[in-house]
Amino acid sequence: MTAPTFNPPSEMSNRRSIELLALGVGPAMGLNGRTTSCYLLRVGERRILIDCGPAIVQQLHAVGVAPHQIDDICFTHAHADHTLGYPMLMLWRLFKAPAGVGLPRIIASISTMGALDGVIQHTLAGEAAIIRGAPRVELPTHEPSSVELADGILLRTWPLAHSPYAPTLGLRFEIGAPPAQHVIAFTGDTGPCDNVVALAHNADLLVHEANFSARLKPELAGGAFGHSTAQIAGRNAAAAHVKHLALVHMDVSEEGQESVFIAEAAAEFDGQISAPMPGVQFTL
Ligand SMILES: [Zn+2]
Ligand SMILES: [Zn+2]
């Protein structure tokens, strides 16, 4: 895998390449361009959205991708910073997509799917029945599972430890077949959790939340409020033998301290580490 590079999406190749574009990397209350969580995974021509924060339509527009070009939306959990763009994206799909383009497939835990249906019912009641008709895959909330999203794209999920009100699934994308298989793993939001190591085992790229820094806030070193520190992320990356660790979802009070987060993780993990900004693209 190459180091993180930014390339305008128009320069993406048409071969079956694997690219992950960070659309939003911020925490729930992000500022200064760190809009909320969303990532665009492209495998060849297939476009898979990971989470769908409030600014999703603008985030996609900023990188030259139209909402109707999204094939699948995978949700980690129901919290607002990861889901509130869902109604707006679906509204766009209903009224602005070219004729004949259907709705994207929705992939989420049973718990998160229920929350998504609730959001749609409360905000787009007139269109709710149509939106609920979108193809969907409901995954177990509290146990590991897997689903083949497309030929050569296997999604495996593990329950992580975040919030009893918004259970989180870590997402692991296994792309291709061994020995040419590539793996990208996402923690979504999680506190310390043994399942992260299984989720990220031998991954090319682990996108791990690091809401806090143990160096900047030693009182939170063990993780707090269902979130991790860069130290915890580094330990997980080392235990899982990943190649590249991307630290995201840093608390707004720590903006500008990316180098501290990276150094903290580097004390635990000797692979590549980055703290990507929106627009950064990882190419495998
Ligand atoms: Zn979050
Ligand atoms: Zn959350």
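The numbers attached to residues start from 1 for each chain and follow its sequence in the written order. By the order in which they are written, chains take letters starting at A while ligands take numbers starting at 1. Predicted model: local features are reported for residues with pLDDT of at least 70 only, side-chain atom pairs are reported and counted for 80 or more only, and whole-chain, interface and lining totals are derived from all residues.

### Thoughts on the overall build of the chain
Counted only if it meets this: Each helix corresponds to a stretch of at least 4 residues labelled H or I by DSSP, and each strand to a stretch of at least 2 residues labelled E; elements are numbered beginning at the N terminus. C-beta atoms are first placed from the backbone for all residues, and any pair lying within 7 Å is then listed as a contact.
A count of helical and extended segments in the chain gives 8 helices and 14 strands. Taken along the three principal axes of its C-alpha coordinates, the chain extends 55 × 40 × 35 Å. Within the chain, residue pairs in contact and separated by at least 24 positions form 64% of the contacts whose partners lie at least 6 positions apart.

### Regarding the confidence of the model for the chain
Condition: For every residue, the predictor assigns a confidence score, pLDDT, that lies between 0 and 100.
Summary statistics for the chain give a mean pLDDT of 92 and a share of 93% for residues scoring 70 or more. For the stretch residues 1–15, pLDDT sits under 50, and the model shows 27 contacts to residues farther than four places along the chain or on other chains.

### Describing the nonpolar core
Looking at soluble globular proteins, one finds that nonpolar side chains tend to be buried together. Rules: In this usage, the nonpolar core is the set of buried Ala, Val, Leu, Ile, Met, Phe, Trp, Tyr and Cys residues whose C-beta atoms join them within 7 Å. Exposure in this text rests on C-beta crowding, where 20 or more other C-beta atoms within 10 Å of a residue's own make it buried, 12 or fewer make it exposed, and counts in between make it partly exposed. The C-beta atoms are placed from the backbone.
Membership of the largest hydrophobic core comes to 77 residues, with the highest contact counts inside it found for Tyr 39, Leu 206, Leu 245 and Leu 247. Apart from residues lying up to four places away in sequence, Leu 245 is in contact with Leu 206, His 208, Ala 233, Gly 234, Ala 237, Ala 265, Phe 269, Gly 271, Gln 272 and Ile 273.

### So, the sheet that holds strand E1 (residues 18–24)
The criterion, for reference: Strands pair, by our definition, only if DSSP identifies at least two bridges between them. Working convention: axes come from line fits to C-alpha atoms, limited for helices to the stretch in contact. Angles between N-to-C directions cover 0 to 180 degrees.
Pairing within the open sheet is mixed, and its 7 strands lie in the order E6-E5-E4-E3-E2-E1-E14. Two strands close off the open sheet at either side, each with one partner strand: strand E6 (136–139) and strand E14 (281–283). Between one strand axis and the next, the sheet turns by 15 degrees as a mean value, whatever way the strands run. Bridge count for E1 against E14 is 3 bridges, and the pairing is antiparallel. By the bridge assignment for E14, Glu 19 is matched with Thr 283.

### Quick look at the sheet that holds strand E8 (residues 153–159)
Reading across from one edge, E7-E8-E9-E10-E11-E12-E13 is the order of the 7 strands in this open sheet, with mixed pairing throughout. The open sheet has two edge strands, strand E7 (145–150) and strand E13 (272–274), and neither has a second partner. Recorded for the sheet is a direction-independent mean angle of 20 degrees between the axes of neighbouring strands. Relative to strand E10 (residues 182–186), strand E9 (residues 169–175) is paired through 5 bridges, and the arrangement is antiparallel. Bridge pairing in E10 places Ile 175 opposite His 182. Seen against the sheet, helix H8 (residues 258–266) touches strand E12 (244–248) and E13 and runs at an angle of roughly 140 degrees to E12.

### A short note on H8
Selection rule: It is the directions from the helix axis to the C-beta atoms whose arc is reported.
Inspection of H8 places Phe 261, Glu 264 and Ala 265 among the buried residues, and these make up the whole buried set. All buried residues of H8 project into a common sector of 95 degrees when viewed along the axis, lining one side.

### As for unusual backbone geometry
Residues apart from glycine generally show negative phi values, whereas peptide bonds are mostly found in trans. A cis geometry characterises the amide bond from Pro 178 onward to Pro 179, with omega recorded as 5 degrees. At Asn 202, a position not held by glycine, the phi torsion is positive, near 55 degrees. Mapping Asn 202 onto the fold places it in the loop between helix H6 (195–200) and strand E11 (205–209). The phi torsion at His 249 lies on the positive side, around 65 degrees, for a residue other than glycine. In this structure, His 249 sits in the loop between E12 and H8.

### Some remarks on the environment of Ala 246
Looking at where Ala 246 falls in the secondary structure, it is placed in strand E12. Take Ala 246: there are 26 C-beta atoms within 10 Å of it, and that puts it in the buried class. Linking Ala 246 and His 208, residues 38 residues apart in sequence, is a C-alpha distance of 6.1 Å. Those residues in contact with Ala 246 that sit more than four places away from it in its chain are Leu 205, Leu 206, Val 207, Ser 274 and Pro 276.

### Regarding helix H4 (residues 110–123)
Applied cut-off: Working rule for helices: expected span equals 1.5 Å times residues minus one.
The first and last C-alpha atoms of H4 sit 20 Å apart over 14 residues, in line with the 20 Å expected at 1.5 Å per residue. Three or more residues of H4 are buried, namely Ser 111, Thr 112, Met 113, Ala 115, Leu 116 and Ile 120. Buried residues belonging to H4 abut helix H2 (80–83), helix H3 (86–96), strand E5 (105–109), helix H5 (128–132) and E6.

### Notes on the pairing of E8
Taken residue by residue, a regular strand's side chains alternate between the two faces of the sheet. Both E7 and E8 contribute to a ladder of 5 bridges, which runs antiparallel. Along E8, the bridge assignment pairs Glu 148 with Leu 154. A loop of 2 residues connects E7 with E8, the two strands running antiparallel in sequence, and Gly 152 in this loop sits at a positive phi of about 80 degrees.

### Quick word on the pairing of strand E3 (residues 46–50)
Most of E3 sits inside the fold, with 4 of its 5 residues counted as buried. In the sheet, strand E2 (residues 38–43) pairs with E3 via 5 bridges, with the strands oriented antiparallel. Bridging from a neighbouring strand, Val 43 pairs with Arg 46 of E3. What sits between the antiparallel neighbours E2 and E3 is a turn of 2 residues, in which Gly 44 has the positive phi angle 60 degrees. Here E3 runs beside strand E4 (residues 72–74); their pairing, made up of 3 bridges, is parallel. Pairing of Ile 48 across the sheet is with Asp 72, part of E4.

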